[in-house]
Amino acid sequence: MPLKNALTRFRVIAWIVGVLLVVLTVGTVLKYTTDDDTIVALVGPAHGFLYMAYLVLAADLARRAKWKLGFTALVLLAGTVPFLSFVAERVVTRRVQSAGALVGSTV
């Protein structure tokens, strides 16, 4: 059960960080094209704080699932590239499920 809970927490934070990063990217484009930095000023700090939570939750899941360091590093970096955290969430979910760690449970 702890692995399932860690996976659920990771999936939620990956989506939150992903959405905020996409909004922040749009805000950055608007900042430099319209000189309006409102979105960056509001979303930037939230994304930064929640990215730290993403790092902690991804590291916790990596420890529980016994991932190799290289894969863990890629998942940790996924929160810094727009849309990549969505991909990482799917890859991680499939990897954890295919490892048989969640046999008999739906994620």
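Residues numbered from 1 in each chain as written. Predicted model: local features only at pLDDT ≥ 70, side-chain atom pairs only at ≥ 80, totals over all residues. Heavy atoms only, no water.

A. Examining the pattern of salt bridges more closely. Applying the stated criterion across every chain, the model contains five salt bridges. One salt bridge in this structure joins Arg-64 and Asp-60, with 3.0 Å as the shortest N-O distance. Of this pair, Arg-64 and Asp-60 both sit in helix H2 (residues 38-65), four residues apart, which is roughly one turn of that helix. Since its relative accessible area comes to 17%, Asp-60 is described here as buried. Close ionic contact of Glu-89 with Arg-90 constitutes a salt bridge, the shortest N to O distance being 3.8 Å. Each of the salt bridges in this network shares a partner with another, and the network as a whole consists of Arg-9, Asp-60, Arg-63 and Arg-64. (Salt bridge = Lys/Arg side-chain N within 4 Å of Asp/Glu carboxyl O. Helix = DSSP H or I, 4+ residues; strand = E, 2+ residues; numbered from the N terminus. Buried < 20%, exposed > 50% of the residue type's maximum accessible area, 1.4 Å probe, protein only.)

B. Seen up close, the environment of Glu-89. Examined against the element boundaries, Glu-89 turns out to sit in helix H4 (residues 84-98). C-alpha separation for the pair Glu-89 and Val-56, spaced 33 residues apart in sequence, amounts to 15 Å.

C. Region of interest: the UniProt feature "domain: DUF3817" (unreviewed entry) in the protein chain. Per the UniProt entry, the sites bearing "domain: DUF3817" (unreviewed entry) are residues 7-94 in this numbering. Secondary structure across residues 7-94 comprises 86% helix and 0% strand; the distance between its end C-alpha atoms is 11 Å. (UniProt positions renumbered as here; feature names shortened; annotations may be inferred.)

D. Expanded view of the packing of aromatic side chains. Applying the stated criterion across every chain, the model contains five aromatic pairs. Arranged with centres 4.4 Å apart and planes meeting at 45 degrees, the rings of Trp-15 and Phe-86 form a pair that is tilted. Of this pair, Trp-15 sits in helix H1 (residues 2-34) while Phe-86 sits in helix H4, and the two are 71 residues apart along the sequence. Classification of Trp-15 as partly exposed rests on a relative accessible area of 44%. Look at Phe-86 and you get buried, because its relative accessible area is 15%. Arranged with centres 5.8 Å apart and planes meeting at 20 degrees, the rings of Tyr-51 and Tyr-54 form a pair that is stacked. Note that Tyr-51 and Tyr-54 are positioned in helix H2 at a spacing of three residues, about one turn of the helix. Here the two residues Tyr-51 and Tyr-54 agree in accessibility, since each one is buried. Connected via pairs of aromatic rings, a cluster forms that spans Phe-10, Tyr-51 and Tyr-54. The cationic tip of Arg-95 hangs over the ring face of Phe-71; the distance from NZ or CZ to the ring centre is 3.6 Å. (Phe/Tyr/Trp six-rings, centres within 6.5 Å; stacked < 30°, edge-to-face > 60°. Lys NZ or Arg CZ within 6 Å of the ring centre and 35° of its normal.)

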